[in-house]
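Fold and contact review
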Amino acid sequence: MVWPAIADIVAKVRAGELTASELVERALAAIAEKSDYQAVIAITSERARARAAAIDAAIKNGETVGPLAGVPFIAKDNFLAFGAETTAASNILKGFNAPYQATAINRLEEAGAICVAKANLDAFGHGGSTENSDFMITKNPHDITRVPGGSSGGSAAAVALDMVPFALGTDTGGSSRQPASFSGVVGFKPTYGLISRSGVVAMASSTDTIGTLTRTVDDLAVVVDVMAGKDPLDGTTIDRDVISYTDLPADVTGKKIGVIKEFMAEGVEPGVRAQIEKAVETLKAAGADVVEVSIPSIPLALAVYYIVVPAEISSNLSRYDGQRYAYSTPDAENLEESYTKTRASGFGAEAKRRIMVGTYVLSSGYYDAYYRKAQTVRTKLINEFAEAFQQVDFLVGPTAPTTAFKIGQNTDDPLHMYLADIMTVAQSLVGIPAIVVPAGMSDGLPVGLQIMAPARQDRQLLGIAKATEKLL
Ligand code: GLN
């Protein structure tokens with residue numbers, strides 16, 4: 001059964017026509033019924049039921065309840081949350097119970113939302129398919145022989161499978177946008193700093209953002225509205241650009257939209273290209289002023305990303321040393337052996353690969369050749385996007401060169417797997433917001449249109465996305 005719009009659910013809860021407890025039971029039943037897809041690592045049913053009962057009691061007492069009262073959601077398992085372990089899908093965090101919750105989760109709970117489960121991911125967010133999870137591979141909701149995308153693949157699949165009305169993901173280089181495209185849902189990466197990352201397992205601190213996955217842009221706006229804004233626990237957070245993200249300016253007429261030339265070059269699957277071209281034509285017909293825009297350094301973005309991000313990963317993952325978190329090797333004779341054995345057995349192959357690459361590009365003699373050069377090109381990318389936004393209000397393009405690929409298809413060749421990120425990493429390096437809306441199907445698999453806006457124009461971006469969603 002398809003969930004009604006979040007605003008309708010909350011209206012019914014407030015009016016006493018639906019209870020939070022009923023909604024939680026419905027979500028838990030859907031999760032159990034669709035367990036074959038392996039979208040979920042852990043269920044937080046006990047805490048969810050208790051929270052639902054408290055909300056139902058508050059409503060009975062005539063108390064006012066928040067804008068997400070009773071709405072069940074699933075959080076990617078790299079969010080610190082009560083009610084289950086937080087593992088980031090890595091063996092090295094097995095057994096870790098969060099001592100505090102992520103700010104995003106706290107804000108959602110204050111608004112009345114209820115976390116019912118933790119979603120699968122590529123361990124620590126390293127990947128684009130969920131195949132790098134140490135625990136399980138999530139299946140694509142449209143074809144179980146294919147991946148749902150990643151790293152927030154469990155979150156995207158959970159929404160596409162109607163387990164919950166919304167799910168939290170993260171997006172460091174595409175991890176909410178690409179699974180949205182592969183699974184056929186809406187996925188949002190905000191401006192860097194708009195949503196607090198306090199209490200989210202760090203991947204690459206200069207590009208990490210909180211992603212949101214929903215069925216519709218309206219649902220997304222309600223959730224983002226609750227989470228956005230400054231947080232004293234995350235020094236990178238920025239003030240909200242607007243009072244409200246829900247009253248959206250949803251019109252494409254007269255809007256100047258640039259199609260990124262480099263994203264429509266060779267290598268884009270014909271079926272993907274066809275859907276994106278169709279979407280662009282639809283925008284034109286609705287009155288948008290569409291032009292082609294070039295961002296010449298885009299072909300370099302992937303190389304920059306796979307230097308800068310592993311560098312930050314190698315630093316962020318150094319804290320998992322067998323002393324501070326749950327997992328520690330049982331057979332160490334001394335402290336140094338405890339470090340090395342814990343890390344050797346606790347990290348998966350992809351985390352190790354990124355630690356090695358990151359350490360290499362930061363090491364003396366290579367820093368200038370790789371890391372510094374990559375940061376220089378990153379600045380060039382920032383400038384080129386700024387120039388593009390002098391010419392147009394929004395940029396559009398595909399989200400990935402292909403639709404969802406087969407499970408196992410790219411696992412033997414990490415470089416090939418990285419190439420699939422070509423259309424999402426530049427925006428992360430630059431820090432701008434981007435959203436993916438479903439734009440039809442190619443051979444029975446979803447295609448997502450990616451729309452980008454200048455930094456801090458998240459509300460305008462949600463507005464154009466809402467208009468586009470309606471037209472498509
Ligand atoms: N697929 C990209 C990577 O492997 C993006 C991951 C992410 O955004 N967390 O790094």
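Figured I'd write up the structure that's included with this text. (Residues numbered from 1 in each chain as written. Predicted model: local features only at pLDDT ≥ 70, side-chain atom pairs only at ≥ 80, totals over all residues. Heavy atoms only, no water.)

1. Considerations on the site of the ligand
Around the ligand, the surrounding shell holds 15 residues, and the nearest of these are Thr 172, Gly 173, Ser 175, Tyr 305 and Arg 354. The separation between an oxygen atom of the ligand and a polar main-chain atom of Gly 174 is 3.3 Å. Note that an oxygen atom of the ligand is positioned 2.7 Å from one of the side-chain N or O atoms of Tyr 305. Alone, the ligand offers 290 Å² of accessible surface; in the complex the protein occludes 99% of this. Its atoms largely coinciding with the cavity grid, the ligand occupies the largest cavity. For the shell around the ligand, the residue count by class is 3 nonpolar, 9 polar and 3 charged. (Near = heavy atom within 4 Å. Polar contact = N/O pair within 3.5 Å; in protein donor to acceptor, adjacent residues only side chain to side chain. Areas by Shrake-Rupley, 256 points an atom, 1.4 Å probe, with all protein chains shown as cover. 1 Å grid on protein atoms, 1.4 Å probe; cavity = no way out; pocket = protein on both sides within 12 Å on 5 of 7 lines; lining within 4 Å. Sits in = over half its atoms within 2 Å of the grid points. Nonpolar A, V, L, I, M, F, W, Y, C, P; charged D, E, K, R; others polar.)

2. Focus: unusual backbone geometry
With omega at 10°, the peptide bond leading from Gly 150 into Ser 151 counts as cis. Looking at where Ser 151 falls in the secondary structure, it is placed in the loop between strand S3 (114-119) and helix H5 (153-160). Look at Phe 124: it is not a glycine, yet its phi comes out positive at around 65°. Mapped onto the secondary structure, Phe 124 falls in the loop between S3 and H5. A positive phi is found at Asp 443, a non-glycine position, where the angle reads about 50°. Looking at where Asp 443 falls in the secondary structure, it is placed in the loop between strand S10 (434-442) and strand S11 (445-452). According to the relative accessible area criterion, Asp 443 is exposed, its value standing at 80%. (Helix = DSSP H or I, 4+ residues; strand = E, 2+ residues; numbered from the N terminus. Buried < 20%, exposed > 50% of the residue type's maximum accessible area, 1.4 Å probe, protein only.)

3. Re the side chain of Thr 214
In this fold, Thr 214 is placed in strand S6 (residues 209-214). Given the relative accessible area of 0%, Thr 214 is considered buried. Reaching out from Thr 214, the side chain makes a polar contact with the backbone oxygen of Thr 216 at a distance of 2.8 Å. Setting aside residues no more than four positions away along its own chain, Thr 214 makes contact with Val 159, Pro 165, Phe 166, Val 185, Val 186, Asp 219 and Leu 220. (Contact = heavy atoms within 4.5 Å.)

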